[in-house]
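Next come the chains, spelled out residue by residue.
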Amino acid sequence: MSIGSNIRSLREERGFTQEQVADRIGITFQAVSSWERDEYKPDTDKLIKLAELFDVSVSALVEDKQSVFATKKAIYNWEHMKTYVKTTAKNLGLTNTLKAVKFAEEAHMGQKRKRSDIPYIYHPLNLACHALSMNINDDAIIAACLLHDVVEDCGVTYDDLPVNDEIKEIVRLLTHDKIPPENRDAILKEYYSQIATNPKATLVKCLDRCNNITTMSWALSRERIYRTIKETEEYFPTLISVLKEEVEYSDAAWLIKYQMESLLDVYKRLM
């Protein structure tokens, strides 16, 4: 597909008219029409503005779409992951995890992952499976993976959680309200500092960030992707250092660091 075809396809996917695109980037609709007919090509500054408007990379505008691979937003079926977590929890006697699976599924009922039709429960289940795949079988950690977003997103309280106080404390450390832009840096610094005092909360937060990074190409705007990259590079080296100091989490720290930094490097190169 040509640049013009890419522009037209992205414009139609976003529900914009040629006039709306023209207004947003400060040109005439005739110019947009000429681009889409491949009579002219937008110059560099207009390509950047189009990429920002459509929330894609510049390469998505100029590349031949026939060479683009099919992508997936969900690799594993969430029902299968739930079965795996429940079966493992039963076999290992993880009583809090068994309660947390049911509670998290009910609390997140009807919620979807950003910009998708994937049930939100896919996310906490993914964290739990990630931990279990690294032979982390701690009941508190797996349960906290499942419950880490319920207070923040589902209108429940810590007292509602059907787990012990250790897990409630982990969830408390991981929970924060919407952060106002004017206080963002100070609030985040305090938030991550508190998490770093608890190795189990630190591990869950690192797993959470790994999973969120894998989905941000379709779930977040370009601005949010930039912000997430900067936040990850600023705060997560300290969290990974906390994990490295714990013998039982040192292998996990290596794997998490590798996944996190590899993904960030890919994003930076593509953006």
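Details of the structure are given in the entry above.
Residues numbered from 1 in each chain as written. Predicted model: local features only at pLDDT ≥ 70, side-chain atom pairs only at ≥ 80, totals over all residues. Heavy atoms only, no water.

### Observations concerning the overall build of the protein chain
Next, step 1: A tally of regular secondary structure across the protein chain gives 15 helices and zero strands.
Next, step 2: When its C-alpha atoms are laid out on the principal axes, the protein chain stretches across 65 × 35 × 35 Å.
Next, step 3: When burial is assessed residue by residue, the protein chain has 49% of its 271 residues classed as buried.
Next, step 4: Residue pairs at least 24 apart in sequence account for 67% of intrachain contacts in the protein chain once pairs closer than 6 positions are excluded.
Next, step 5: For the protein chain, the accessible surface area stands at approximately 14600 Å², while carbon and sulfur atoms represent 50% of it.
Next, step 6: Both charge centroids of the protein chain, one from 36 positive and one from 42 negative side chains, sit 3 Å from each other. (Helix = DSSP H or I, 4+ residues; strand = E, 2+ residues; numbered from the N terminus. Buried < 20%, exposed > 50% of the residue type's maximum accessible area, 1.4 Å probe, protein only. Contact = heavy atoms within 4.5 Å. Areas by Shrake-Rupley, 256 points an atom, 1.4 Å probe, with all protein chains shown as cover. Lys, Arg positive; Asp, Glu negative; His and termini not counted. Charge placed at Lys NZ, Arg CZ, Asp CG, Glu CD.)

### So, the state of the cysteines
Next, step 1: As enumerated under the stated definition, the model contains zero disulfides in all.
Next, step 2: Cys145 provides the cysteine sulfur closest to Cys129, a residue in no disulfide bond, and the two sulfurs are 9.6 Å apart.
Next, step 3: Here Cys129 falls in the buried class, since its relative accessible area comes to 13%. (Disulfide = S-S within 2.5 Å.)

### Observations regarding the pattern of salt bridges
Next, step 1: Tallied over the full model, the rule gives 17 salt bridges.
Next, step 2: Here Glu79 ties to Lys82 by a salt bridge, and the two come within 3.5 Å at their closest N and O atoms. With a gap of three residues between them, Glu79 and Lys82 both fall in helix 6 (residues 78-92), about one helical turn apart.
Next, step 3: Exposure remark for Lys82: the relative accessible area of 15% places this residue in the buried category. (Salt bridge = Lys/Arg side-chain N within 4 Å of Asp/Glu carboxyl O.)

### Brief notes about a nonpolar patch on the surface
Next, step 1: On the surface, Ile48, Val58 and Val62 cluster together into a nonpolar patch covering about 200 Å² of accessible area.
Next, step 2: Here Val58 lies in helix 5 (residues 58-62).
Next, step 3: We classify Val58 as partly exposed; its relative accessible area is 31%. (Patch = residues over 30% accessible without salt bridge, like charges linked within 9 Å, V, L, I, M, F, W, Y side chains within 5 Å.)

### Here's the deal with the environment of Lys49
Next, step 1: Tracing the sequence through the fold places Lys49 in helix 4 (residues 44-54).
Next, step 2: Each C-alpha atom, one on Lys49 and one on Ile25, is 6.2 Å from the other, the two residues being 24 residues apart in sequence.

### A few points about the nonpolar core
Next, step 1: Membership of the largest hydrophobic core comes to 68 residues, with the highest contact counts inside it found for Leu147, Val150, Leu203 and Ile256.
Next, step 2: Ranked by the residues each element gives to this core, the list is headed by helix 13 (residues 199-219), at 10 residues.
Next, step 3: Residues contacting Leu203, with those up to four places away along its chain left out, are Ile136, Ile141, Leu243, Tyr249, Ala252 and Ile256.
Next, step 4: Core analysis: the second largest hydrophobic core is formed by 18 residues, Ala22, Leu50, Ala51 and Leu61 among them. (Core = buried A, V, L, I, M, F, W, Y, C linked by side-chain atoms within 4.5 Å.)

### What to know about helix 14 (residues 222-244)
Next, step 1: With 23 residues, helix 14 ought to run about 33 Å at 1.5 Å a step, and its terminal C-alpha atoms sit 32 Å apart, in line with that.
Next, step 2: Its maximal kink placed at Phe236, helix 14 deviates by approximately 40°, while the proline Pro237 follows within four residues.
Next, step 3: Along helix 14, the residues classified as buried are Arg222, Ile225, Thr228, Ile229, Glu231, Thr232, Tyr235, Phe236, Leu239, Ile240, Val242 and Leu243.
Next, step 4: Looking at the buried residues of helix 14, the elements they touch are helix 4, helix 12 (184-195), helix 13 and helix 15 (250-270). (Expected span 1.5 Å × (residues − 1). Bend = angle between axes of the 7 residues up to and from the residue.)

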